[in-house]
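# Architecture at a glance
Listed below, chain by chain, are the residues.
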Amino acid sequence: GSSLEPEERSMEPPAVPEEEEEEEEEEKGAVPLSMAPGPVGCQLFGYVGIEAVLDQMKIKTMKTGFEFNIMVVGQSGLGKSTMVNTLFKSKVSRKSSQPGQEERIPKTVQLQSITHVIEEKGVKMKLTVTDTPGFGDQINNENCWDPIIKYINEQYERYLREEILITRKRKIPDTRVHGCVYFVPPTGHWLRPLDLEFMRRLSKIVNVVPVIAKADTLTLEERAEFKQRIQEDLKTHAISVYPQEDFDQDPEDRALNDGIRESIPFAVVGADQEHQVNGKRVLGRKTKWGIIEVENPAHCEFPLLRDLLIRSHLQDLKDITHNVHYESYRVRRLNESNRPG
């Protein structure tokens, strides 16, 4: 048995001092292990077809469609229904779905949801618009946000119950609120205590996007000053509205979202009627001194709101709802259910 030991030892490389090893590696051009780069792209010798995955995803999405749920909150008369109709260029609001009925402002906050299927260039979207008539319309508005918080949590609870079933559906119906557009009255002063308290509470459970309603009632100077005061109020009270700075994933996202955060709250004007301007049909509001074009960035910031909610950040709104707001609700509920007694 002892005769085998020298042979086993001879198979191991001889010990070399660390300094000599480093010198040898430098001579050979080897990279130290600690400085080795991460995974790099592999050079392909021909066409494989990996890019076809994007086409597969597009075809599947166009077949199944997707869901988007938006909530509008604000006092009566601020143009919430008109703004939603302008956003999606169709009659999707609560008022539009009840023609001929006299609108009565409820004594308490009542939530009403309307669902439509919108199709554009073969892409189907199941859109749910939740309105909150009665919010902030009473003399005593104490706890008027409670029904809204209850509704948002109920949608999280509904999704959670479907998710923890033993036999789950292939696609769980998503009724969770992905974005909440909060309409600030165009007073030109500071945010009211009601506005601050609502956004402070709701920004923790949903993506809140504040807008200045009926911005055409303010001059450009008043509008700029009002926006600056609102931004100061949000910063002073540590209210994080969408897009939240904590959730920027890379420098590119941060640069894009920094520009959006500088413009929040958007000063918007809603209109669902077309007018003739220089031979073209445009959406706008007709006044004695001219037509305010809704989609003209020089007139109002409606295009910025539309781009944020639909064209650039729609999927991000859904991802943050699922990965942040719903996840925190799910963790809290599971912790409660696991407590003894």
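Up top is the structure these notes are about.
The structure displayed is predicted, hence computed values, not measured ones. Per-chain numbering applies: the sequence of each chain, read as written, is numbered from 1 onward. With the structure being a predicted model, the display of local features is reserved for residues of pLDDT at least 70 and the display and counting of side-chain atom pairs for 80 or more, all residues being used for whole-chain, interface and lining totals. For side-chain calculations, the full set of non-hydrogen atoms in the structure is used, while hydrogens and water are omitted.

What follows concerns the packing of aromatic side chains. Think of a pair of aromatic rings as described by two things: how far the centres are apart, and how the planes are tilted against each other in angle. Side-chain rings of Phe, Tyr and Trp (the six-membered ring for Trp) are treated as a pair once their centres are within 6.5 Å; stacked means planes under 30 degrees apart, edge-to-face means over 60, and tilted covers the remaining angles. Inspection of the entire model under this criterion finds 6 aromatic pairs. Judged by centre distance (5.2 Å) and plane angle (65 degrees), the ring pair of Phe135 and Phe198 falls under edge-to-face. A residue pair is termed long-range when its members are at least 10 positions apart, and Phe135 in the loop between strand E3 (123–131) and helix H5 (146–163) and Phe198 in helix H6 (residues 193–202) qualify at 63 residues. Taken as a pair, Phe135 and Phe198 share a single burial class, namely buried. Each ring, one from Tyr156 and one from Tyr326, has its centre 6.1 Å from the other, and the planes form 55 degrees; the classification is tilted. Placement of the pair is Tyr156 in helix H5 and Tyr326 in helix H10 (residues 314–338), with a sequence separation of 170 residues. As far as burial versus exposure is concerned, Tyr156 and Tyr326 are alike and both buried. Pairwise contacts between aromatic rings join Tyr156, Tyr159, Tyr326 and Tyr329 into one cluster. Any Lys NZ or Arg CZ that is within 6 Å of a ring centre and within 35 degrees of that ring's normal is treated as a charge sitting over the ring. Directly above the ring of Tyr159 sits Arg176, whose terminal nitrogen or CZ lies 3.7 Å from the centroid. The positively charged end of Arg229 is found above the aromatic ring belonging to Trp190, 5.1 Å away from the centroid. Runs of H or I in DSSP of at least four residues are treated as helices and runs of E of at least two as strands, each being numbered from the N terminus. A 1.4 Å probe rolled over the protein chains alone gives each residue an accessible area, and that area as a share of the maximum for its type sets the label: buried under 20%, exposed over 50%, partly exposed in between.

This next bit is on unusual backbone geometry. Of the consecutive residues Tyr242 and Pro243, the connecting peptide bond is found in the cis state with omega at 0 degrees. Within the secondary structure layout, Pro243 lies in the loop between helix H7 (220–236) and helix H8 (251–263). Even without a glycine there, the phi angle at Lys214 is positive, about 45 degrees. Here Lys214 shows up in the loop between strand E5 (208–212) and H7. Residue class for Lys214 comes out partly exposed when judged on its relative accessible area of 34%. One non-glycine residue with positive phi stands out, namely Ala238, at about 55 degrees. Looking at where Ala238 falls in the secondary structure, it is placed in the loop between H7 and H8.

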